[in-house]
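Chain by chain, the residues:
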Amino acid sequence: MTKTSNRFDTEALKWDQKPMHVERATAVAKQLLKQVEPTENCDALEFGCGTGLLGFTLLSHLGRLTFCDISQPMLNQVKEKIDGWKLSNATTIQANLSEKPLKGKKYDLIFSLMTLHHIADLERTIRNLTEMLQPGGILCIADLNEDDGSYHLNQHTEHHGINQEMLKALFLKYGLKQVEASVPYIIQKNLEGTSHEYPVFLMSGRKSE
């Protein structure tokens, strides 16, 4: 287990109690629906789902959704929601898609929120996720814009946000076209009495037919 996965295992029970987490997921979901316009029979996967805040907000607009994470405590929170709400079009899977893609399964839509900056090998991750898309399928990455390191001050993370130009280049390299980016949410953070803004971008791209 990595330091990051251990941290999220610990935070699973209290993750949804932070208003900013809910507000951020809601804002990203709203923009994703505008930017991508998924169909009602869309078979989707949320990569690095955590407690599923983004996925559950989108679920009524999708045909089926698989919640995927490496943290079992996070997935336990998702499973409780699925069972409690008696959802028949949602399921969970524990897998590390940054290491290898799921075999024998293709999705119409794959999305993630604030996951990529915790992963060391970004290129392999984008390649794996793209491999799991149907022809014409869409990849959506929402993440922290590249910053000076102050957002994760005194916390372990693989990257200080994500450089959008670098990510767009990876999208194009692995066959994703119609690449579009927006900023659906800005995190406000107070550091030593000074207010800082950290944009969260949403980048989408469609796999070639």
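Scroll up a little and you will see the structure.
These remarks concern the structure in this document. (Residues numbered from 1 in each chain as written. Predicted model: local features only at pLDDT ≥ 70, side-chain atom pairs only at ≥ 80, totals over all residues. Heavy atoms only, no water.)

## Regarding the packing of aromatic side chains
- Taken as a whole and judged by the stated rule, the model has 3 aromatic pairs.
- Between the aromatic rings of Phe 56 and Trp 85, the centroid separation amounts to 5.2 Å while the plane-to-plane angle is 90 degrees, which identifies the pairing as edge-to-face. Of the two residues, Phe 56 sits in helix H3 (residues 53-58) while Trp 85 sits in the loop between helix H4 (72-84) and strand E3 (90-94), which places them 29 residues apart along the sequence.
- Under the relative-accessibility criterion, Trp 85 is labelled exposed at 51%.
- With centroids separated by 5.1 Å and ring planes inclined at 65 degrees, the aromatic side chains of Tyr 151 and Tyr 198 adopt a geometry described as edge-to-face. Highlighted residues: Tyr 151 in the loop between strand E5 (133-144) and helix H6 (164-173) and Tyr 198 in strand E7 (residues 194-207), separated in sequence by 47 residues. With respect to burial, Tyr 151 and Tyr 198 carry one shared label: buried.
- Three or more aromatic residues joined by ring pairs make a cluster, and in this case those are Phe 56, Phe 67 and Trp 85.
- Above the face of the Tyr 107 ring, Lys 105 is positioned so that its terminal group lies 5.3 Å from the ring centre. (Phe/Tyr/Trp six-rings, centres within 6.5 Å; stacked < 30°, edge-to-face > 60°. Helix = DSSP H or I, 4+ residues; strand = E, 2+ residues; numbered from the N terminus. Buried < 20%, exposed > 50% of the residue type's maximum accessible area, 1.4 Å probe, protein only. Lys NZ or Arg CZ within 6 Å of the ring centre and 35° of its normal.)

## What to know about the nonpolar core
- Counting residues in hydrophobic clusters, the biggest one holds 35 residues, and the most contacted among them are Leu 109 and Phe 111.
- Elements that contribute at least two residues to this core include exactly helix H2 (19-36), H3, strand E2 (64-69), H4, strand E4 (107-113), E5, strand E6 (176-191) and E7.
- Counting residues per element, this core draws most heavily on H2, at 5 residues.
- Not counting residues up to four positions away in its chain, the partners in contact with Leu 109 are Leu 32, Val 36, Pro 38, Cys 42, Asp 43, Ala 44, Leu 45, Leu 62, Leu 133, Ile 138 and Cys 140.
- Within the second largest apolar cluster, 24 residues are counted, among which are Ala 95, Leu 116, Ile 162 and Leu 170. (Core = buried A, V, L, I, M, F, W, Y, C linked by side-chain atoms within 4.5 Å. Contact = heavy atoms within 4.5 Å.)

## Description of the side chain of His 118
- In this fold, His 118 is placed in the loop between E4 and helix H5 (122-131).
- Judged by its relative accessible area of 14%, His 118 falls in the buried class.
- Of note is the side chain of His 118, whose polar atom sits 3.1 Å from the side chain of His 117. (Polar contact = N/O pair within 3.5 Å; in protein donor to acceptor, adjacent residues only side chain to side chain.)

## Focus: H5
- For H5, the full list of buried residues reads Leu 122, Thr 125, Ile 126, Asn 128, Leu 129 and Thr 130.
- Contact partners of the buried residues in H5: strand E1 (43-47), E4, E5, H6, E6 and E7.
- At the N-terminal end of H5, a side-chain oxygen is found 3.4 Å from the backbone nitrogen of Glu 123, two or three residues along, and the residue is Asp 121.

## A short note on the sheet that holds E2
- Judged by pairing direction, the sheet is mixed, and its 7 strands sit side by side in the order E3-E2-E1-E4-E5-E7-E6 without closing on themselves. Since the sheet does not close on itself, it has two edges, and those belong to E3 and E6, each with one partner. The average undirected angle you get between the axes of adjacent strands in this sheet is 15 degrees.
- As judged from the 7 bridges shared by E5 and E7, these two strands associate in the antiparallel manner. From the neighbouring strand, Ile 138 faces E7, where its bridge partner is Arg 206.
- Those strands touched by H2 are E4, E5, E6 and E7, and its axis lies near 160 degrees from that of E6.
- Set on the sheet, H4 makes contact with E2 and E3; between it and E3 the angle comes to about 165 degrees. (Pairing = 2+ DSSP bridges. Axes fitted to C-alpha atoms, helices over the stretch in contact; angles between N-to-C directions.)

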